[in-house]
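Below are the chains, spelled out letter by letter.
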Amino acid sequence: MAGPLAGVRVLDFSWIGVGCITTWLLAELGAEVWKVEPVDGSDNARTMEPLVRGVGVNHLVFDRGKKSFPVDVRRPEGREAYLAVASVVDVVVEGMRPGVADRLGVGAEALRERNPALSYVTLPGYGSGGPLSATAGHDLNYAAMAGVLSMARQDRPAPAPVQVADWVAASLAALAAVSGVHQAGRTRTGLVAESSLFDGAMFALVVAQAQALMLGLDVGPRTSMLNGELACYAVYTCADGELLAVAALEERFWRRFCALTGIDDEGAQYDRSRQDRLRGVVAGVLATRPRAEWLALFADQDVCVSPVLTVAQGLQLPHVRERAGVVPMRHPDGSVVDAPAAPLRVGPPGAARPTAAAVARTPALGEGARELLGLSGRSSAEIDRLHGAGVVFAP
């Protein structure tokens with residue numbers, strides 16, 4: 001299938017940044033994406049560890065289905081080539097610090113002057129305004145500053161297990177890109193949008209923020225119903241040391257859970273003053289049997305109880321395999337490797353699992369550069385000259 005974004009052209013100027021996740025989503029939906037890279041192939045996800053037979057895992061996952069446009073925008077001819085190709089695309093996704101693209105002469109204003117229909121989506125760390133706008137950071141910093149880490153604080157503080165800021169910001173940026181294409185289709189004018197990583201971490205905390213603002217609560221560990229406050233929504237250890245996630249939040253689920261386990265909660269499911277005692281009761285009961293026995297008892301019972309699995313175990317679930325959550329793809333060396341599927345599924349339910357030949361592969365350095373430069377009006381001879389001068393890499 002061509003995908004709903006077939007015909008949409010995207011320029012990904014994020015290198016190894018979060019924008020590559022944004023453009024991965026767009027490519028999986030059918031957009032034609034060119035990844036801007038250094039001419040010498042350095043400083044990008046191709047060689048970033050961990051590696052699979054010499055190729056970075058991030059590159060194999062996030063750059064599949066894209067094309068490659070290596071260009072040196074610091075050189076006048078490279079900057080002009082970039083501005084020219086930006087005039088024939090629909091979206092530019094950029095992931096530099098605020099002001100850097102403008103100083104290079106390839107920011108939103110310069111690009112949209114030539115192409116008003118272009119949508120320009122940027123993913124700065126702390127945003128383009130405010131006291132922290134020039135501050136360097138990574139997901140851990142954004143999660144710490146927004147409050148994510150405080151809500152997950154345990155006896156031994158640790159980074160969040162997943163990159164909350166990165167993934168939320170990337171998804172919102174993809175939404176902005178699609179919105180820009182839609183707007184340009186109606187008005188012939190694209191949009192300029194910002195999805196900062198810090199704002200992504202903040203967005204993940206909307207419910208907790210509402211409680212802080214409206215109820216005066218400084219939400220932290222075990223201070224909200226979805227953060228360990230209630231015994232009916234918690235993780236417990238079984239007799240064999242394995243873990244169970246109990247999320248019987250609604251009363252009907254909790255009643256059934258108590259009936260199956262023989263627990264008498266004495267009406268304390270939502271009584272905040274009795275949660276420590278109730279948590280101890282549940283923990284004591286679940287610790288009497290190994291996890292497999294509990295899962296057998298809860299099977300098909302609508303109690304919202306699940307095993308706590310490792311990442312590798314989760315990938316082996318029949319549910320994941322049947323829904324094509326893992327797809328085969330071609331490694332650059334020609335072999336087949338399994339890779340995570342994109343989270344969005346377009347098409348009828350129960351579609352056949354794709355073959356390796358049907359899953360897009362990652363591009364070789366410069367693969368697609370000649371095509372894009374040609375679309376911008378460059379002749380073959382001119383492309384040869386730029387390639388020979390090291391301004392672009394277009395083999």
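The name given to the protein chain in an unreviewed UniProt entry is CaiB/BaiF CoA transferase family protein, and the organism recorded there is Pseudonocardia benzenivorans.

Some points on the overall build of the protein chain
When helices and strands are counted, the protein chain shows 17 helices and 13 strands. Projected onto its principal axes, the C-alpha positions of the protein chain cover 80 × 50 × 40 Å. Within the span of the protein chain, comprising 395 residues, buried residues form 42% of the whole. Partitioning the contacts of the protein chain with sequence separation of at least 6, the portion at a separation of at least 24 is 68%. Total accessible area on the protein chain stands at roughly 19,900 Å², and carbon and sulfur atoms take up 56% of it. Within the protein chain, the 42 negative side-chain charges are centred at a point lying 3 Å from the centre of the 37 positive side-chain charges.

Re the pattern of salt bridges
Taken as a whole and assessed by the stated rule, the structure comprises 21 salt bridges. A salt bridge links D12 to K66; the shortest N-O distance between them is 3.3 Å. Residue D12 is found in strand 1 (residues 9-13), and its partner K66 is found in the loop between helix 2 (57-62) and strand 5 (67-70); the two are separated by 54 residues along the sequence. Assessed through its relative accessible area of 0%, D12 is described here as buried. Overall, K66 belongs to the buried group, its relative accessible area being 4%. In this structure, E371 and K67 form a salt bridge, with 2.7 Å as the shortest nitrogen-oxygen distance. With E371 in helix 16 (residues 369-375) and K67 in strand 5, the pair connects residues that are 304 residues apart, well separated along the chain.

Overview of the sheet that holds strand 9 (residues 233-237)
Ordered by their spatial adjacency, three strands build an open sheet running 9-10-11, and the pairing between neighbours is antiparallel. Edge strands, defined here as strands with exactly one partner in the open sheet, are strand 9 and strand 11 (305-307). On average, adjacent strands in this sheet sit at an angle of 20° to one another, irrespective of strand direction. With five bridges connecting them, strand 9 and strand 10 (residues 243-247) associate as antiparallel partners. From the neighbouring strand, V235 faces strand 10, where its bridge partner is A245.

Quick notes on the packing of aromatic side chains
Applying the stated criterion to the full structure yields eight aromatic pairs. When the centroid spacing of 4.9 Å and the interplanar angle of 75° are considered together, the rings of Y126 and Y142 count as edge-to-face. Residue Y126 is located in the loop between strand 7 (119-122) and helix 6 (139-146), and its partner Y142 is located in helix 6; the two are separated by 16 residues in the primary sequence. Within the aromatic cluster, the residues linked to one another by ring pairs are W254, F257, W294 and F298.

Re the sheet that holds strand 5
Strand order in this open sheet of six strands is 5-2-1-6-7-8, and the pairing throughout is parallel. Two strands bound the open sheet, and with one partner strand each, they are strand 5 and strand 8 (192-194). Adjacent strand axes in the sheet meet at a mean angle of 20° when their direction is disregarded. As defined by bridge partners, strand 1 adjoins strand 2 (residues 32-37) across four bridges and the pair is classed as parallel. Bridge pairing links V10 to V33 in strand 2. Each of strand 6 (91-94), strand 7 and strand 8 touches helix 8 (residues 164-187); the most contacted strand, strand 7, lies at about 170° to it.

Some details on helix 3 (residues 76-86)
Here helix 3 has its buried residues at G78, A81, Y82, L83, A84, V85 and A86. In this structure, the buried residues of helix 3 make contact with strand 1, strand 2, strand 5, strand 6, helix 5 (108-114) and helix 16.

Examining the pairing of strand 10
Remember that side chains alternate between the two faces of the sheet whenever the strand is regular. Burial along strand 10 is one-sided: L244 and V246 are buried, while L243, A245 and A247, pointing the other way, are not. A loop of five residues connects strand 9 with strand 10, the two strands running antiparallel in sequence, and G241 in this loop sits at a positive phi of about 85°. As paired strands, strand 10 and strand 11 are joined by three bridges and run antiparallel to one another. Note that in strand 11 the partner of A245 across the bridge is S306.

Structural notes on the side chain of N115
Its place among the elements puts N115 in the loop between helix 5 and strand 7. Using a relative accessible area of 10% as the deciding quantity, one classes N115 as buried. When sequence neighbours within four positions are dropped, the list of residues in contact with N115 reads A86, S87, V88 and V89.

Reading the values: rules and limits
Residues numbered from 1 in each chain as written. Predicted model: local features only at pLDDT ≥ 70, side-chain atom pairs only at ≥ 80, totals over all residues. Heavy atoms only, no water. Helix = DSSP H or I, 4+ residues; strand = E, 2+ residues; numbered from the N terminus. Buried < 20%, exposed > 50% of the residue type's maximum accessible area, 1.4 Å probe, protein only. Contact = heavy atoms within 4.5 Å. Areas by Shrake-Rupley, 256 points an atom, 1.4 Å probe, with all protein chains shown as cover. Lys, Arg positive; Asp, Glu negative; His and termini not counted. Charge placed at Lys NZ, Arg CZ, Asp CG, Glu CD. Salt bridge = Lys/Arg side-chain N within 4 Å of Asp/Glu carboxyl O. Pairing = 2+ DSSP bridges. Axes fitted to C-alpha atoms, helices over the stretch in contact; angles between N-to-C directions. Phe/Tyr/Trp six-rings, centres within 6.5 Å; stacked < 30°, edge-to-face > 60°.

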